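Remarks on the overall topology
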Amino acid sequence: MVHVYPKTLDTKILNEIYINKNSVDAQVEKILNQFPVSNPINKDWLYRVISMIDLTTLGGDDTRSNVVRLCNKAANPLGVYQNNVKVRTAAVCVYPNRIKDAYETISRLNLKKDIQIASVATGFPSGQYPLSTRLQEIKFALDNGATEIDVVIDRSLVLMGEWETLYDELLQMRRVCGRAHLKVILGVGELGSYENVYNASMVSMMAGADFIKTSTGKEAVNATLPVGLVMCRAIRNYYLMTGTKVGLKPAGGIKTSKDAVNWLTLVYNELGQEWLSPKLFRIGASSLLDVIIRDIQKVQ
């Protein structure tokens, strides 16, 4: 299906948005109290979390060998503890310069249909680069085998209320991505308010985002459940407006199995069972997978 996005942004839906922080916090607390995470956590939930992870390495010292190990781990995360459980991560996520390494490794494993190859792009993590070079980054990553692009917005456009400019930039990114999945990183810890998080979410979806993503993982504040609630409400409202389902990807700060399952609980309550799938929910993580594997081993 070919989607046609309006050339100009209808800003009416961005006006008069007010979000009460105390109310958001109270709603999250109510959900977590209503559906507490058991101890130990059911293995089936942990397997499900693994299947939704974008296994990530974004270090300045990343090398080909790092990326090969990452891909092998994504393909067989449980190793000797597999016990006939077939589970893989949803994707691997690396810098554009390492996409070729990821593509070659995933191809060698014959898993191109099973594990997506994601690249951060567009001046990650700040977004403070000329649009022309940010678009070139997307094309470079795609040419080297990326199937998903995690773009980062220029947060200054949100803080200055330049919604039309943000929309136009994202439209151009959408066009360059073509059939590849477009994940839009909001950098929520630098947006200043829940209203800005909601509006940035809406603008991203109107410009064609397949996923909206909380953070780069490099901000002081990354993925929090209250911000997740605001983004879920935006996703739900956009779906009611358009009939289009957009995914959610929290990233940064999800350190324990309980953290991850709490996110599944939130998404289930706000968006429903259909969103508990790698097609509509991902977790960006690097160390989380090791924690989950240790927790699975404890309940073998």
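This text follows the structure it describes.
Residues numbered from 1 in each chain as written. Predicted model: local features only at pLDDT ≥ 70, side-chain atom pairs only at ≥ 80, totals over all residues. Heavy atoms only, no water.

Concerning the environment of Asn76
Positionally, Asn76 belongs in the loop between helix 3 (64–75) and strand 2 (91–94). In this structure the C-alpha to C-alpha distance between Asn76 and Val158, which are 82 residues apart in sequence, comes to 40 Å. (Helix = DSSP H or I, 4+ residues; strand = E, 2+ residues; numbered from the N terminus.)

Points about the sheet that holds strand 6 (residues 211–213)
If you trace the eight strands from one edge of the open sheet to the other, you get 7-6-5-4-3-2-1-8, paired in parallel fashion. At either end of the open sheet lies a strand with only one pairing partner, and these are strand 7 (247–249) and strand 8 (283–285). Each neighbouring strand pair of the sheet contributes to a mean axis angle of 25 degrees, computed without reference to strand direction. Here strand 3 (residues 116–121) pairs with strand 4 (residues 148–152) via four bridges, running parallel. Paired with Ser119 across the bridge in strand 4 is Ile149. (Pairing = 2+ DSSP bridges. Axes fitted to C-alpha atoms, helices over the stretch in contact; angles between N-to-C directions.)

Things to note about helix 9 (residues 225–242)
Given a rise of 1.5 Å per residue, 18 residues ought to cover 26 Å, and the 25 Å separating the end C-alpha atoms of helix 9 matches this to within 8%. Immediately downstream of helix 9, the backbone of Gly243 shows phi near 80 degrees, a positive value. (Expected span 1.5 Å × (residues − 1).)

Observations concerning the pattern of salt bridges
Applying the stated criterion across every chain yields a total of 23 salt bridges. Between Arg64 and Asp101 there is a salt bridge; the shortest N-O distance is 3.0 Å. Residue Arg64 is located in helix 3, and its partner Asp101 is located in helix 4 (residues 99–108); the two are separated by 37 residues in the primary sequence. Here Lys139 and Asp143 are joined by a salt bridge, their closest N and O atoms 2.9 Å apart. Of the two residues, Lys139 and Asp143 are both situated in helix 5 (residues 131–143); the distance of four residues between them amounts to about one turn of the helix. Judged by relative accessible area, Lys139 falls into the partly exposed class, the value being 49%. With a relative accessible area of 56%, Asp143 lands in the exposed category. (Salt bridge = Lys/Arg side-chain N within 4 Å of Asp/Glu carboxyl O. Buried < 20%, exposed > 50% of the residue type's maximum accessible area, 1.4 Å probe, protein only.)

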